[in-house]
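The lines below spell out each chain.
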Amino acid sequence: MQKNFIGTTLLMTAALCTSCDDGRIYPEEILPTGREGRVAKVVGTISGQDSWAAGYEVVVAAFNAESDYALITKNIPSETQDVNMTMTAIPNEATTIELCVIDRLRQRVATLKSVDIANSSDARDTILIDAGTMDAGMLATLQDNVFTPRCATCHGLSSSAAGGINLTKGNTYASIVGVPSRRVAGKNIVEPGKSTESVLQMMLNTDISASWGYDHGNADISNTWKEILTKWIDNISN
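Notes on the structure in this doc start here. From a predicted model like this one, the values you see are computed outputs, not experimental measurements.

Quick word on the layout of surface pockets
Phase 1 of the analysis: Estimated volume of the largest pocket: approximately 640 Å³.
Phase 2 of the analysis: Along the walls of the largest pocket sit 31 residues, with His155, Ala162, Ile165, Met203 and His216 positioned nearest its centre.
Phase 3 of the analysis: Mapped by element, the contributors of at least two residues to the lining of the largest pocket are α2 (138-151), α3 (172-176) and α4 (199-205).
Phase 4 of the analysis: Residue composition of the lining of the largest pocket, by class: 20 nonpolar, 7 polar and 4 charged.
Phase 5 of the analysis: Reported here for the second largest pocket is a volume of approximately 240 Å³.
Phase 6 of the analysis: Counting residues per element, the ones that place at least two in the lining of the second largest pocket are α2, α3 and α5 (223-235).
Phase 7 of the analysis: The element contributing the most residues to the lining of the second largest pocket is α2, with 4 residues.

As structure tokens, this is what we get:
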């Protein structure tokens, strides 16, 4: 009798196991086999990343044509100048890959190098950004976006630098940082670490220079760049 009970139990267990194994693979058993998106590689000798004030970062980032906010970013290491790094999982909607500066909201501040991938023929190819030898520092970026295009026409590129201030590349720092103003007694053009005490800030944000031959308060410099200029001054060490 006991043998019959044991035999019956074994047959029932086998039947239950067979009925559960129906050969189907359920969703939770499917594992991802690869990564979506594209791949970008940045190489070059890049310096100055650590000179940016808090709230700004030098990164490689992907953008689409609809927004100045990055889809994905990866910081450029500041501890080394010889950069060889890869960014993966770049969204398919990206139209450019850029070596750039972003703010804390991941909004593009300045583009240092850009590769257009909107019409790339093969999405499997690695996107290469060769930065060469680049100064990505805060002053160098201000030079390229403010001092050279907006100021140097009068201050250094003409036959004489207006006010004795040379704002051409390689000369800006020595011409304004810690240099006494010819117009405002007792003040420096740029007072290191003190933007509110700097004549440059007064010129760009008030009408103090209206009677100096040119009202610098009307200069074609956006509020974004004025803010960056302010933070650069405040970030200068004595």
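Moving on, there is more to tell.
Thoughts on the sheet that holds strand β7 (residues 127-135)
Phase 1 of the analysis: Reading across the sheet, the 3 strands line up as β4-β1-β7 and stay open at both edges, with mixed pairing between neighbours. Of all strands in the sheet, those with a lone pairing partner are β4 (82-90) and β7, marking the two edges. Taking the axes of each pair of neighbouring strands and ignoring which way they run, one obtains an average angle of 15° across the sheet.
Phase 2 of the analysis: Pairing of strand β1 (residues 38-47) with β7 involves 7 bridges; the strand directions are parallel. What sits directly across from lysine 41, in β7, is leucine 128.

Some points on α2
Phase 1 of the analysis: Between the first and last C-alpha of α2 there are merely 17 Å, a value that for 14 residues lags more than 12% behind the 20 Å anticipated at 1.5 Å per step.
Phase 2 of the analysis: Along α2, the sharpest kink reaches roughly 40°, centred on aspartate 144.
Phase 3 of the analysis: The complete set of buried residues in α2 reads Met138, Ala140, Thr141, Leu142, Gln143, Val146, Phe147 and Cys151.
Phase 4 of the analysis: Each element contacted by the buried residues of α2 is listed here: β6 (108-116), β7, α3 and α5.

Description of the environment of alanine 162
Phase 1 of the analysis: Looking at the secondary structure, you find alanine 162 in the loop between α2 and α3.
Phase 2 of the analysis: As for alanine 162 and alanine 152, which are separated by 10 residues in sequence, their C-alpha atoms are 9.3 Å apart.
Phase 3 of the analysis: In this structure, alanine 162 is in contact with Cys154 and His155, ignoring residues within four places of it in sequence.

A short note on the pairing of strand β5 (residues 96-103)
Phase 1 of the analysis: Taking burial as the measure, the 8 residues of β5 include 8 buried ones, the bulk of the element.
Phase 2 of the analysis: With 8 bridges connecting them, strand β2 (residues 56-63) and β5 associate as antiparallel partners. Of the residues in β5, the one forming a bridge with valine 58 is valine 101.
Phase 3 of the analysis: In the sheet, β5 pairs with β6 via 7 bridges, with the strands oriented antiparallel. Bridge assignment links valine 101 to a residue of β6, and that residue is alanine 110.
Phase 4 of the analysis: Counted along the chain from β5 to the antiparallel partner β6, the turn is 4 residues long, and its residue arginine 106 has a positive phi close to 70°.

Quick notes on α5
Phase 1 of the analysis: Between its first and last C-alpha, α5 extends 18 Å over 13 residues, near the 18 Å set by a 1.5 Å rise per residue.
Phase 2 of the analysis: Residues of α5 that are buried make contact with β2, β6, α2, α3 and α4.

Focus on the sheet that holds strand β3 (residues 72-75)
Phase 1 of the analysis: Taking strand neighbours across the sheet as the criterion, the 4 strands line up as β3-β2-β5-β6 in an open arrangement whose pairing is antiparallel. Looking along the sheet, the strands with just one partner apiece sit at the ends: β3 and β6. With strand direction ignored, the average angle separating the axes of adjacent strands in the sheet is 25°.

Brief notes about the packing of α2 against α5
Phase 1 of the analysis: Running from N to C, α2 and α5 cross one another at 145°; their axes reach a closest spacing of 11 Å. The handedness of the crossing between α2 and α5 comes out as left-handed. Of the residues in α5, those touching α2 at Met138, Leu139, Thr141, Leu142, Asn145, Val146 and Phe147 are Trp225, Ile228, Leu229, Lys231 and Trp232.
Phase 2 of the analysis: Partitioned by chemical class, the residues of the contact of α2 with α5 number 9 nonpolar, 2 polar and 1 charged.

What counts, and where the lines are drawn
- Residues numbered from 1 in each chain as written.
- Predicted model: local features only at pLDDT ≥ 70, side-chain atom pairs only at ≥ 80, totals over all residues.
- Heavy atoms only, no water.
- 1 Å grid on protein atoms, 1.4 Å probe; cavity = no way out; pocket = protein on both sides within 12 Å on 5 of 7 lines; lining within 4 Å.
- Points joined across faces, edges and corners; volume = space filled by probe spheres on them.
- Helix = DSSP H or I, 4+ residues; strand = E, 2+ residues; numbered from the N terminus.
- Nonpolar A, V, L, I, M, F, W, Y, C, P; charged D, E, K, R; others polar.
- Pairing = 2+ DSSP bridges.
- Axes fitted to C-alpha atoms, helices over the stretch in contact; angles between N-to-C directions.
- Expected span 1.5 Å × (residues − 1).
- Bend = angle between axes of the 7 residues up to and from the residue.
- Buried < 20%, exposed > 50% of the residue type's maximum accessible area, 1.4 Å probe, protein only.
- Contact = heavy atoms within 4.5 Å.
- Left-handed = near helix turned anticlockwise from the far one by under 90°.

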